[in-house]
Amino acid sequence: MLDYTDRHFRFLIRLMSRHTRLYTEMLTTGALLHGDPRRHLEFDLTEHPLALQVGGSEPGELARCAQLAADFNYDEINLNVGCPSKRVQSGRFGACLMTEPRLVAECVATMVSAAAVPVTVKTRIGVDRHDSYEQLAMFVRTVANAGCGVFIIHARKAWLQGLSPRQNREVPPLRYDIAARLKDDFPDLIIIVNGGIQTLAAMHSHLLTFDGVMIGREACSNPYLFAAVDLKVFGTRGTVPTREQLLDAYIPYVENQLQKGVPLQRMTRHLLGLFQGCPGARQWRRYLSEQAPRTGAGVEVLKGATQLIRAAA
Ligand SMILES: Cc1cc2nc3c(=O)[nH]c(=O)nc-3n(C[C@H](O)[C@H](O)[C@H](O)COP(=O)(O)O)c2cc1C
């Protein structure tokens, strides 16, 4: 998720869940091929399993990105066919590619043959008037035949004109039934459902139908949700770490990043929702938001914020 799932966020979530698959922010082929790939692609080994999400529609460029994903040891490369933003549309990628299944298939086939890294696609259930089940099924069939075995389905359509990206995450209704029909019709494909999933109970319920669930906004606003995922969803043994234990584990990472020159706020912004629903959550958020951006701010800010939480408990 753009502006969220950077390496600091992923490190934090990985402290809570060993098994959840993590995704990078969407990186465009242009940024990867003409920018500094190391800056965009480096990650901590603990982040595995990790998928690189790319945005693009030029097969040759995407193939080079797949090679980069393999070189940097990503576990998956995911093509974004779901983003409706104007910028993405003008680059002819993202959700507008739903109307061009053959081009997406060519992209996937070229990526598959370029590198030994699984290629997956994240898509919507339709765009604009191109939103019949038959069109969706044709898209999935065409792209699957090109070598994509995993589809992440954001279970709402997108309107490419007239709605902002934010509205496109809220206004079109969620249609899990359509995603479920895909799973019925393509039982050999791995279908991961996305959209509006906020609780462990909802994850369990979707896992009766789908092969996986993808969590978007709730991961950002309530990251502690992931603390129980290994136990309750992946069925591992152990105990759920407390929020304070997670902080204790995150602080050495923060110290290390500070030494490399990363500003504190880049890491603390991912902690704003950690105490969501707990006494003192508002003070925690306010303290971090005010103190972390100050010049020279260090881990003492986290310690100060923790004192506030303890006092409120
Ligand atoms: C701030 C923000 C950034 C996002 N960035 C991406 C992105 O880079 N790639 C992507 O596939 N989806 C992106 N999304 C969409 C989410 O991945 C997800 O599909 C959508 O929010 C619906 O799922 P949810 O209800 O669990 O949030 C973004 C969403 C938000 C709110």
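Here the structure is a predicted model, which is why all the values come from computation and not from measurement.

## Regarding the site of the ligand
So, step 1. If you check the shell around the ligand, you find 15 residues, and the closest are Q53, K122, N194, G196 and R217.
So, step 2. Contacts to the ligand include H154, whose side-chain N or O atom sits 3.5 Å from an oxygen atom.
So, step 3. Between the ligand and R217 there is a distance of 2.7 Å, counted from an oxygen atom to a backbone nitrogen or oxygen.
So, step 4. A total of 610 Å² of accessible area belongs to the ligand in isolation, and the protein chains cover 87% of it.
So, step 5. Grouping the constituent residues of the shell around the ligand by class yields 5 nonpolar, 7 polar and 3 charged.

## Observations regarding the pairing of strand β1 (residues 22-28)
So, step 1. When you tally the buried positions in β1, you get 6 out of 7 residues, the bulk of the element.
So, step 2. Pairing of β1 with strand β2 (residues 50-55) involves 5 bridges; the strand directions are parallel. Bridged to T28 within β2 is G55.

## What to know about the domain arrangement of the protein
Size of an interface, as often reported, equals the accessible area lost when the parts are brought together.
So, step 1. Parsing the protein into structural domains produces domain 1 (7-232) and domain 2 (243-312).
So, step 2. Computed over C-alpha atoms, the centres of domain 1 and domain 2 are 30 Å apart.
So, step 3. Every contact between the two is made by 11 residues of domain 1 and, on the other side, 14 residues of domain 2.
So, step 4. Taken together, both faces of the contact between domain 1 and domain 2 bury some 1,300 Å²; the carbon and sulfur share is 66%.
So, step 5. Looking at the side of domain 1 facing domain 2, the largest losses of area belong to H8, L12 and Y224, adding up to 47% of the total buried there.
So, step 6. Inspection of the domain 1/domain 2 interface yields 0 salt bridges.
So, step 7. If you look at where domain 1 meets domain 2, you find 3 residue pairs in polar contact (both at pLDDT 80 or more).
So, step 8. By residue number, the principal contributor to the side of domain 1 that touches domain 2 is helix α1 (residues 7-16), which donates 7 residues.

What counts and what doesn't
Residues numbered from 1 in each chain as written. Predicted model: local features only at pLDDT ≥ 70, side-chain atom pairs only at ≥ 80, totals over all residues. Heavy atoms only, no water. Near = heavy atom within 4 Å. Polar contact = N/O pair within 3.5 Å; in protein donor to acceptor, adjacent residues only side chain to side chain. Areas by Shrake-Rupley, 256 points an atom, 1.4 Å probe, with all protein chains shown as cover. Nonpolar A, V, L, I, M, F, W, Y, C, P; charged D, E, K, R; others polar. Buried < 20%, exposed > 50% of the residue type's maximum accessible area, 1.4 Å probe, protein only. Helix = DSSP H or I, 4+ residues; strand = E, 2+ residues; numbered from the N terminus. Pairing = 2+ DSSP bridges. Domains from an automatic or database assignment. Contact = heavy atoms within 4.5 Å. Buried area = accessible area lost by both parts, 1.4 Å probe. Salt bridge = Lys/Arg side-chain N within 4 Å of Asp/Glu carboxyl O.

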